[in-house]
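# Examining the three-dimensional arrangement
Read off the chains here:
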Amino acid sequence: MEYEKVIEQAFLAMGNAYAPYSNYHVGAAVETFDGRYFLGANIENASYGATVCGERSAIFNAYSNGVRKNDIKAIAIVSDGKRLGSPCGICRQVLSELLKGDTPIVLSNGKDSRITTIDEILPDSFSSEDLQ
Ligand code: THU
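Bear in mind that the values here come from a model prediction, so they are computed numbers and not experimental data.

In terms of helices and strands, the protein chain carries four helices and five strands. When its helices and strands are written in sequence order, the protein chain yields α-β-β-α-β-α-β-β-α. In terms of C-alpha radius of gyration, the protein chain reaches 14 Å, essentially the compact-globule figure of 14 Å for 132 residues. Seen through its C-alpha atoms, the protein chain measures out along the principal axes to roughly 40 × 35 × 30 Å. In the protein chain, buried positions account for 43% of the 132 residues. Taking as baseline every contact in the protein chain between residues at least 6 positions apart, the subset at least 24 positions apart corresponds to 61%. Only carbon and sulfur atoms are counted for the fraction: they give 49% of the accessible area of the protein chain, which is about 7,300 Å². Taken together, the 12 basic and 17 acidic charged side chains of the protein chain have centroids lying 3 Å from each other.

Summed over the entire model, instances satisfying the criterion amount to four salt bridges. A salt bridge links D112 to K111; the shortest N-O distance between them is 3.8 Å. One salt bridge connects E120 with R114, and the closest N-O pair in it is separated by 3.7 Å.

This part takes up the packing of aromatic side chains. Enumeration according to the criterion identifies one aromatic pair in this entry. Measuring from ring centre to ring centre gives 5.7 Å for Y21 and Y48, while their planes differ by 45 degrees; the resulting arrangement is tilted. Here the residue Y21 occupies a position in the loop between helix 1 (4-14) and strand 1 (26-32), and Y48 occupies one in the loop between strand 2 (37-41) and helix 2 (54-64), the gap between them amounting to 27 residues. Of the residues examined, Y21 reaches a relative accessible area of 42% and is grouped as partly exposed.

A few words now on the site of the ligand. The environment of the ligand is made up of S22, Y24, V26, N42, E44, T51, C53, G54, E55, S86, P87 and C88. N42 is positioned with one of its side-chain polar atoms (N or O) 2.9 Å from an oxygen atom of the ligand. Residue C88 places a main-chain N or O atom 3.0 Å away from an oxygen atom belonging to the ligand. Protein contacts shield 76% of the accessible area of the ligand, which totals 370 Å² for the unbound molecule. Tallied by class, the residues present in the shell around the ligand amount to five nonpolar, five polar and two charged.

Cut-off values and rules
Residues numbered from 1 in each chain as written. Predicted model: local features only at pLDDT ≥ 70, side-chain atom pairs only at ≥ 80, totals over all residues. Heavy atoms only, no water. Helix = DSSP H or I, 4+ residues; strand = E, 2+ residues; numbered from the N terminus. Rg over C-alpha atoms; globule rule 2.2 N^0.38 Å. Buried < 20%, exposed > 50% of the residue type's maximum accessible area, 1.4 Å probe, protein only. Contact = heavy atoms within 4.5 Å. Areas by Shrake-Rupley, 256 points an atom, 1.4 Å probe, with all protein chains shown as cover. Lys, Arg positive; Asp, Glu negative; His and termini not counted. Charge placed at Lys NZ, Arg CZ, Asp CG, Glu CD. Salt bridge = Lys/Arg side-chain N within 4 Å of Asp/Glu carboxyl O. Phe/Tyr/Trp six-rings, centres within 6.5 Å; stacked < 30°, edge-to-face > 60°. Near = heavy atom within 4 Å. Polar contact = N/O pair within 3.5 Å; in protein donor to acceptor, adjacent residues only side chain to side chain. Nonpolar A, V, L, I, M, F, W, Y, C, P; charged D, E, K, R; others polar.

Below you can see the structure in the form of structure tokens.
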């Protein structure tokens, strides 16, 4: 299927997760229209609030390398959870600013999968327009 490669890259990234506290591993991959992949994984900390989620790691990696929302074809977010995961509230807020509203967000746990968008999972979000 169309998103096979980006999902595969996200699972590759999941292998780099550092999750000694939750033992819940997340990987993510941002695919650009010009065929590049920017990976991220969840990185935990003994001071739990300092943890960064997998999808934020990946999107920050992409932006740090000069990618912007119009360059992004899709993002895949995968986990090793029994249940199909879905981005946390903080990640939804970040993705709502750094992705276009209709960019495919592909979720998978290797068993189930789903394609959604940030417009679907975070409607009515706070944004830069509120700061005008
Ligand atoms: N986590 C993510 O990486 N993405 C999410 O959207 C949900 C939670 C991580 C954070 C923490 O390392 C572990 O999963 C358990 O919350």
